Every structure is written in structure tokens, then in C-alpha cells.
Amino acid sequence: LAHTPHTQLAHGHGPLLHLLRYASTCRALRVVTRMRMLCCGNEVCAACDKRWEEHEDAEETCPYCRARLPATDEQKLALQRAMVERGKAWAMYMLGDCYREGVGGVEQDLQEAIRFYRLALEQDIHVQGVASCALQLGKMYLNGNGVERCVDSAIEWLSKAHSSGTEPWATWLLGVCYRQPSHLDDARAFRLFLEAAEAGVDK
């Protein structure tokens, strides 16, 4: 099965080196590169990032809360864990992605990734970051990545992400689920693929 480009983690460059970059989609826009500030959780789009890099305080402070930016992987990881302790679902999602990819100062550990995704999913699906965790968990079940492959479980989690209205890739992957021989439903798959395409998924 093809992997979707919904989330691609890598360290940023320039003044915002402390950020974990990721791609997110919404119904109004096609895939747009965004970054999340680890100190306050606010997002910065690529255009704003470029403008902020030209700001005299860019190397030292957050453009939103003006907190001093972490400079090392250890500092970033500590800040992420602190945000997890405060119950921030977006931090659980980011830390889960770090463990899934083996970046940001941690070794790859799919079970830890799943643990953080599930921790976030104890919150309402509309809380920032929760739908993204449902999407990633659904993908893992669909691909058998870190868990035994289970289309039923994939449909369960992808449906939760889809219900948020903020994860078009979940819509597309649900279509993939209904193209599996065990769950074949061409009409439903077609409707889901069409909905995903209308939301900006270019597949």
C-alpha cells in the first residue's frame, strides 16, 4: 500500500531549526507546509516562517509568545514532554511522530508512537492534534506498521479522523480500505476518493 505524504517530519533550517516541520491539509487549501512552535503550540505557515527569519529576534524567540527557543534536541524533547504532561494533544501527536520516524532525539519505537497517539485519542476528536493521531493510527493498521494489519481497525480510526472534517487524507485512505478484497465496496470507495479530491488530496 502506498504511504501518504500527510506527515513528513524533518528538522527545519535557519532560525527556526528547533521546529519539527510537517505537512497538513485542510478543505480550503492544498498541502501546505506548516510548523508548530513547541513553546505555545501555535502554527507558522511557510510564508510567515520566511518573514520571521528576517526578523532581528528570529534566532532567539517565538514569534507568538516570545519565549526563548530551545536550541538542542534535548531541550526540544524536554519541552515536548512537558507539553504532553500538560495534556496537549498536539504535543502527543508530534512526539508520537518522532518515535514513529526515529527523529528529534529519540530512537524509532513504533510502540511508543502508538502509545502517544492513543493517549491523545482519549480527548475529543476536534481537539487540535487528535484527528492527526487517529489518521496515523489508521495508517499503521492499514499497512501493518508496528501492529498486526487489520482493515477493521484501520476503518475505525480513519473514520474518527474523517469525522473531524480536517483530515482529507483519512478520507482517501478510507477509500483504500473499501478497495480491499475483504471490505470491497466500489461505490463507497469512489465517493470517498471523490470527497478527498474535492478537499485537495492530489492522488
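Residues numbered from 1 in each chain as written. Predicted model: local features only at pLDDT ≥ 70, side-chain atom pairs only at ≥ 80, totals over all residues. Heavy atoms only, no water.

1. A short note on unusual backbone geometry
Inclusion rule: Under the DSSP-based scheme used, a helix requires at least four consecutive residues in state H or I and a strand at least two consecutive residues in state E, with every element numbered from the N terminus. Relative accessibility under 20% of the residue-type maximum defines a buried residue, over 50% an exposed one, and the middle range a partly exposed one, all with a 1.4 Å probe and only protein chains included.
The backbone of R66 sits at a positive phi, close to 65°, despite the residue not being glycine. Its location among the elements puts R66 in the loop between α1 (46–53) and α2 (73–85). The class for R66 is partly exposed, based on a relative accessible area of 44%.

2. Some points on helix α6 (residues 151–163)
The criterion, for reference: A helix is expected to span 1.5 Å for every residue after the first. Contacts are assigned to residue pairs with any non-hydrogen atoms lying within 4.5 Å of each other.
Here α6 contains 13 residues, and its C-alpha end-to-end distance of 18 Å stays within 8% of the 18 Å for a straight helix at 1.5 Å per residue. Residues of α6 that are buried include every one of V151, S153, A154, I155, W157, L158 and A161, and no others. Looking at the buried positions of α6, the neighbouring elements they touch are α4 (110–120), α5 (130–143) and α7 (168–177). Trailing α6 by a residue or two, G165 shows a phi angle of about 75°, which is positive.

3. As for the packing of aromatic side chains
Condition: Any pair of Phe, Tyr and Trp rings, taking the six-membered ring for Trp, is counted once the centres come within 6.5 Å. Such a pair is stacked with planes under 30 degrees apart, edge-to-face with planes over 60 apart, and tilted for the rest.
For the coordinates displayed, the defined rule picks out three aromatic pairs. Look at W169 and W172: their rings are 5.6 Å apart centre to centre, the planes differ by 80°, and that puts the pair in the edge-to-face class. Taken as a pair, W169 and W172 lie in helix α7 at a separation of three residues, close to a single helical turn. For W169, a relative accessible area of 2% translates into the label buried.

4. Comments concerning the pattern of salt bridges
Which entries qualify depends on this criterion: The salt bridge definition used is simple: a Lys or Arg side-chain nitrogen within 4 Å of an Asp or Glu carboxyl oxygen.
For the coordinates displayed, the defined rule picks out six salt bridges. Between E112 and R115 there is a salt bridge whose closest N-O contact spans 2.8 Å. Here E112 pairs with R115, and both are found in helix α4, just three residues apart, close to one helical turn. For R188, the salt bridge is made with D185, and the minimal N-O distance between the two is 3.9 Å. Classification of D185 as partly exposed rests on a relative accessible area of 28%. Each of D97, R100 and E101 takes part in salt bridges that share partners, so that together they form one network.

By themselves, these observations are geometric and do not establish any function.
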